[in-house]
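# Observations on the model geometry
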Amino acid sequence: MAEDGQTTERVQLCYCGNAKIFPQLLLSALSAAMHTKAPLEVRMVTLDLTDVDARFSPLTEEQRALLERALQEYNASSLVRRVDAGEAYRKYLAGGKNEKGFYTPYAMLRLLFDCMPMPEKLLYLDTDTMCRKDISALWQTDITGYEFGAVKDQEGKFWIRRDYCNSGVLLLNVARCRETGLLARARARVKKRRMMMPDQSALNFLAKKKLFLPRRFNEQRGVREDTVIKHFCRGFKWYGPFFRIYNIKQTDREGVHERLHIDCFDDVFAVYDALLEQHRSVIEKG
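Just so it is clear, the model here is predicted, and its values are computed rather than measured.

This next bit is on the sheet that holds strand β6 (residues 148–152). Neighbouring strands of a sheet are bound in pairs by backbone hydrogen bonds; such pairs are parallel or else antiparallel. Here 7 strands make up an open sheet; going across it, the order is β3-β2-β1-β4-β7-β6-β8 and the pairing mixed. Both outer strands of the open sheet, β3 (79–84) and β8 (210–212), are each paired with one neighbouring strand and no more. For this sheet the average axis-to-axis angle between neighbouring strands, irrespective of direction, equals 30°. Inspection of the sheet shows strand β2 (residues 40–46) paired to β3 by 6 bridges, in the parallel sense. Considered in β3, the bridge of threonine 46 is made with aspartate 84.

See the structure below:
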């Protein structure tokens, strides 16, 4: 405990992706830092996959350094690490059935956490998430005996099965996953079997014990009063007997304001805009 009464334990955050999604990652991590008192230790897990797709260039050291400086404006003890998953990916996932699916291969990198240097407990966030409140309560949730904690998927719990969870926010017990072999079994499944939502479904179907988290930690609809993390994932709205799919990310400022009617992240957008004005070439490198 620090002299001022604030905790010095870092919240262990992790994102996966390539250089193209850095604007989303920056917005998400900024929102976490701006609303969380504890320091953050962020891991950016990435790799070069330009041999699979020319657009798949890795997150850069310049992006890591910029993110670290930005987060340290809110807590000088925050850190950012860049983790190259290339060796593990080539060994366990390369050439698999889902490498060229709807989702990029970077979505599957979370399945490699047990064979990379990672803390025993980890909070994984998709890059299309934004934190509205302090995430310490989520981080401090006890997941002893569970492989992970997650919120039920707002569509999947109706169309797939009642206990189907959304993997965009995962409180991972990495140590327990090593013991049960969950991530290894999930890797084997997504490599051999073509799946619509490969990593998410593999985790759901193969988990031995998962903790169901409150909706406020992964809000997949409109922002509510108790929302801690808003997930800008795909969703649908009903129009009479028909429904329409939408997929508005936080980087689509007009869509966020005019279509989703969300304005609670404008303070984060203002900080992002100032960084973009000074460091556009680094932020938009992808």
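Another point: the pairing of strand β1 (residues 11–16). In terms of burial, β1 is a largely internal element, 6 of the 6 residues being buried. Bridge analysis of β1 against β2 gives 6 bridges, and the strand direction is parallel. Within the sheet, the bridge partner assigned to tyrosine 15 lies in β2 and is methionine 44. For β1 and strand β4 (residues 121–125), the ladder comprises 2 bridges, and the chain directions are parallel. Note that in β4 the partner of leucine 13 across the bridge is leucine 123.

Within the secondary structure, asparagine 98 is located in the loop between α3 (86–92) and β4. A distance of 2.9 Å separates the side chain of asparagine 98 from the backbone oxygen of arginine 193, its partner in a polar contact. For asparagine 98, the residues in contact, after removing those within four places along its chain, are Tyr103, Met108, Val190, Arg193, Arg194, Met195 and Pro198.

Counting buried positions along helix α8 (residues 198–206) yields 8 of 9 residues, so the element is predominantly enclosed. Burial in α8 covers these residues: Pro198, Asp199, Gln200, Ser201, Ala202, Leu203, Asn204 and Leu206. Those residues of α8 that are buried are in contact with β6, β7 (165–173), α7 (182–192) and β8.

Quick look at a nonpolar patch on the surface now. Among the surface-exposed residues, Phe102, Tyr103 and Met196 lie close enough to one another that they form a single nonpolar patch of about 330 Å² accessible area. Counting through the fold element by element, methionine 196 comes out in the loop between α7 and α8. Residue classification places methionine 196 among the exposed positions, given a relative accessible area of 53%.

Cut-offs used in this document
Residues numbered from 1 in each chain as written. Predicted model: local features only at pLDDT ≥ 70, side-chain atom pairs only at ≥ 80, totals over all residues. Heavy atoms only, no water. Pairing = 2+ DSSP bridges. Helix = DSSP H or I, 4+ residues; strand = E, 2+ residues; numbered from the N terminus. Axes fitted to C-alpha atoms, helices over the stretch in contact; angles between N-to-C directions. Buried < 20%, exposed > 50% of the residue type's maximum accessible area, 1.4 Å probe, protein only. Polar contact = N/O pair within 3.5 Å; in protein donor to acceptor, adjacent residues only side chain to side chain. Contact = heavy atoms within 4.5 Å. Patch = residues over 30% accessible without salt bridge, like charges linked within 9 Å, V, L, I, M, F, W, Y side chains within 5 Å. Areas by Shrake-Rupley, 256 points an atom, 1.4 Å probe, with all protein chains shown as cover. Salt bridge = Lys/Arg side-chain N within 4 Å of Asp/Glu carboxyl O.

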